[in-house]
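Remarks on the overall topology
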Amino acid sequence: PPRGRSINRDPTRSLPNPHNHRYARPMTIEYAFEQKPDSGNLMEIADGLHWLRMPLPFILGHINLWLLRDNDGWTIVDTGLHDPATHSTWERIEADGFTPVRRVIVTHLHPDHSGCAGWLCRRHEVELWMPRAEYLLGRVLKMDTGREAPEPAVRFYRAAGYDEEQLASFTKRFGRFGMMVSEVPDSYRRIRHNEILRIGDHDWRVLVGSGHSPEHATLFCEELNCVISGDQILPTISSNVSVWPTEPAADPLGDWLDSLAAFKDWLPEDVLVLPAHGKPFYGAHGRLQELIDEHTEGLEKLLAMCTEPRRAVDVFPALFKSEIDNRNLIMATGESVAHLHYLERRGQLQSNVNNGVRWYHRT
């Protein structure tokens, strides 16, 4: 569209196929573009707004990154993993003319979003812009690289119901976060909820959610009527919402549900959502309600299951349709504990510890 106008819906847009997704659900979203960029390539979706589909070595396969024209240079929003394939892609994009880089904005600390941030900031001698809680926790987790798993973390997973083999697998993999993240810059520029960032010719409002991570930033441009949503709003999957050993008594699901409801008030119904995974889409309000309903349904199943005492590892069938194995056990455990904590905080469950294992049952 011409500069200064909203991004209009593509009349050739296609509807999602629910059979391609983890959960079959009503088609409340409409994809904005029939095409998507090839892996490792760019696609301009508005004047000065480019969609970069960066490959990931995971089942998910990709992350969407965004390049915004910033006067005579570019602002990067999210960065991909710290690995040779990502470095090579960035080097090729720079050679194609996307320089100078003026700043790097990171929505939240997870490695697929922040992994290359330090590498890019040093390479271009620019500031990292990031919410405070995300920056500080990212630095803490980076320092875990090379450490042995601390005893409180082992106790956390033993309490969840892990056997000795599962505990050994956890301790072996501890500290992997730092292996996917370049050295975090020693200083940064804090971004806050409701702050306005002027990027090129447009204002972008920072909207902060919580639950998936402590202080997840999204960027909303009223003039273009689009939001760079990170993992806060995804079209076909629900972001992981977990309790972690670093904050074992947390209630992230309460934060997540509050944030989903808030975004229904903060964003217009016809906003174009630019997610970190999947394709840009319309239907934000319906999708936000789907995410709320999905967790509500899981909580109801979980409560019914806990008529008998259950450990965190016992309640996977109430929350997940896929098989849980060593590849996804940690995340499934964290999400199960988050749902159990939510119900316990609200007086619907209570728990007790027996021989180091925590059991939950209905009040």
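Residues numbered from 1 in each chain as written. Predicted model: local features only at pLDDT ≥ 70, side-chain atom pairs only at ≥ 80, totals over all residues. Heavy atoms only, no water.

Another point: the packing of aromatic side chains. A full pass over the atoms with the stated rule returns 9 aromatic pairs. Centroid distance Tyr 135 to Tyr 188: 4.0 Å. Interplanar angle 15°. Geometry classified as stacked. Taken as a pair, Tyr 135 in helix α4 (residues 132-142) and Tyr 188 in the loop between α7 (176-179) and β8 (189-190) lie far apart in primary sequence, 53 residues in all. Judged by relative accessible area, Tyr 188 falls into the partly exposed class, the value being 22%. Between the aromatic rings of Phe 263 and Trp 266, the centroid separation amounts to 4.9 Å while the plane-to-plane angle is 65°, which identifies the pairing as edge-to-face. With a gap of 3 residues between them, Phe 263 and Trp 266 both fall in helix α8 (residues 252-266), about one helical turn apart. What makes Phe 263 buried here is its relative accessible area of 0%. In this structure, Arg 103 is placed above the aromatic ring of Trp 129, and the distance from its NZ or CZ to the ring centre is 4.6 Å. The ring of Tyr 342 has Arg 346 sitting right over it, with the charged end atom 3.7 Å from the ring centre. (Phe/Tyr/Trp six-rings, centres within 6.5 Å; stacked < 30°, edge-to-face > 60°. Helix = DSSP H or I, 4+ residues; strand = E, 2+ residues; numbered from the N terminus. Buried < 20%, exposed > 50% of the residue type's maximum accessible area, 1.4 Å probe, protein only. Lys NZ or Arg CZ within 6 Å of the ring centre and 35° of its normal.)

Attention now goes to the sheet that holds strand β4 (residues 62-70). On the basis of which strands lie adjacent, the open sheet formed by 7 strands has the order β2-β3-β4-β5-β6-β7-β8 and mixed pairing. Both edges of this open sheet fall to β2 (42-46) and β8, since each of them pairs with a single strand only. Note: strand β6 (residues 101-105) against strand β7 (residues 128-130), 2 bridges, orientation parallel. By the bridge assignment, Val 104 is partnered in β7 with Leu 128. Sheet strands touched by helix α1 (residues 84-95): β2, β3 (49-55), β4 and β5 (73-77). Its angle to β3, the strand with the most contacts, is close to 150°. Of the strands in this sheet, β5, β6 and β7 touch helix α3 (residues 117-124), which is tilted by about 160° from β6. (Pairing = 2+ DSSP bridges. Contact = heavy atoms within 4.5 Å. Axes fitted to C-alpha atoms, helices over the stretch in contact; angles between N-to-C directions.)

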